[in-house]
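Residue-level structural notes
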Amino acid sequence: MGTRWAARGAYAAVCAVLLIGCQSAPGGGEEDGRLGEQRPAASPTAARASGYGAEFLGVDECSSFGRTSFTEASCAGERAAARVIARHDGTARDGPRCPATTDFVLHISEQHPSSDEDGDGVVPRGYACMRHLQPPHPGDPGGGGGPRTIVGDCVYDLGDGRVRETACDGGAEREPEFKVTKAVDDRSECPASTALYVRLGGASPVGCARPV
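Here is a short report on the structure shown in this document. (Residues numbered from 1 in each chain as written. Predicted model: local features only at pLDDT ≥ 70, side-chain atom pairs only at ≥ 80, totals over all residues. Heavy atoms only, no water.)

**Re the sheet that holds strand E3 (residues 72-73)**
- Here five strands make up an open sheet; going across it, the order is E3-E2-E4-E6-E5 and the pairing antiparallel. The outermost strands of the open sheet, each flanked by one partner alone, are E3 and strand E5 (104-108).
- Where strand E4 (residues 80-89) meets strand E6 (residues 126-132), seven bridges bridge the pair, whose relative direction is antiparallel. Note that in E6 the partner of Arg-87 across the bridge is Ala-128. (Pairing = 2+ DSSP bridges. Helix = DSSP H or I, 4+ residues; strand = E, 2+ residues; numbered from the N terminus.)

This is how it looks when you write it as structure tokens:
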């Protein structure tokens, strides 16, 4: 996973750089959930319409295994790995944020296959917010990954004001050092026990984190 910027103490400055990419690994994420983090969008070479729905990887449809090369797959079939819980055209940088418990994001490059969902020969550029069909779910609170940092997630200090998410249960390579306990509009609303401020984005953009 990439790094995020965070501010320590009541007088530290909170960086406001938003994440633009969506993490594509089981332990991590996409979108604008972490301070200072940027991930390049994947450019799948084998993404193509397969006829399972009116839209390529529409909501409630499933993808095969793979993050940089993938296809639609029947959700009841053995090739299915994850389900689409939200789908948007354009880029994740400019479009709506994925749901909070998204496990990873598939970036769909514009394609011109011989057949597609509406027969016009084009699969438009877009992104699909995905949820694994089976556990583990890194996008869950404390799961150690996913495209967004949310209440219940844990992070560790990288130094120089940077933090990275890790699993709260200590099962990951790095032990958790702080846990996001509350999302608020402003740092002044954080509890007195807050030792770290983490950029969450959204309606309540400041995450109050305490030591663990």
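**Points about the nonpolar core**
- If you look at the biggest cluster of nonpolar residues, it comprises 10 residues: Phe-56, Leu-57, Phe-70, Ala-82, Val-84, Phe-104, Leu-106, Ile-108, Ala-128 and Met-130.
- The next biggest cluster of nonpolar side chains, apart from the first, holds eight residues, and it includes Val-155, Val-180, Leu-196 and Val-198. (Core = buried A, V, L, I, M, F, W, Y, C linked by side-chain atoms within 4.5 Å. Buried < 20%, exposed > 50% of the residue type's maximum accessible area, 1.4 Å probe, protein only.)

**Things to note about the environment of Thr-102**
- You can see Thr-102 is positioned in the loop between E4 and E5.
- A relative accessible area of 0% means that Thr-102 is categorised as buried.
- Separated by 37 residues in the primary sequence, Thr-102 and Gly-139 place their C-alpha atoms 5.1 Å from one another.
- Setting aside residues no more than four positions away along its own chain, Thr-102 makes contact with Ile-85, Cys-129, Met-130, Gly-139, Gly-146 and Pro-147. (Contact = heavy atoms within 4.5 Å.)

**Thoughts on the environment of Ala-192**
- Checked against the element boundaries, Ala-192 lands in the loop between strand E9 (178-184) and strand E10 (196-199).
- The exposure class of Ala-192 is exposed, given its relative accessible area of 85%.
- Along the sequence, Ala-192 and Arg-210 sit 18 residues apart, while their C-alpha atoms lie 9.3 Å from each other.

By themselves these figures say nothing about function.
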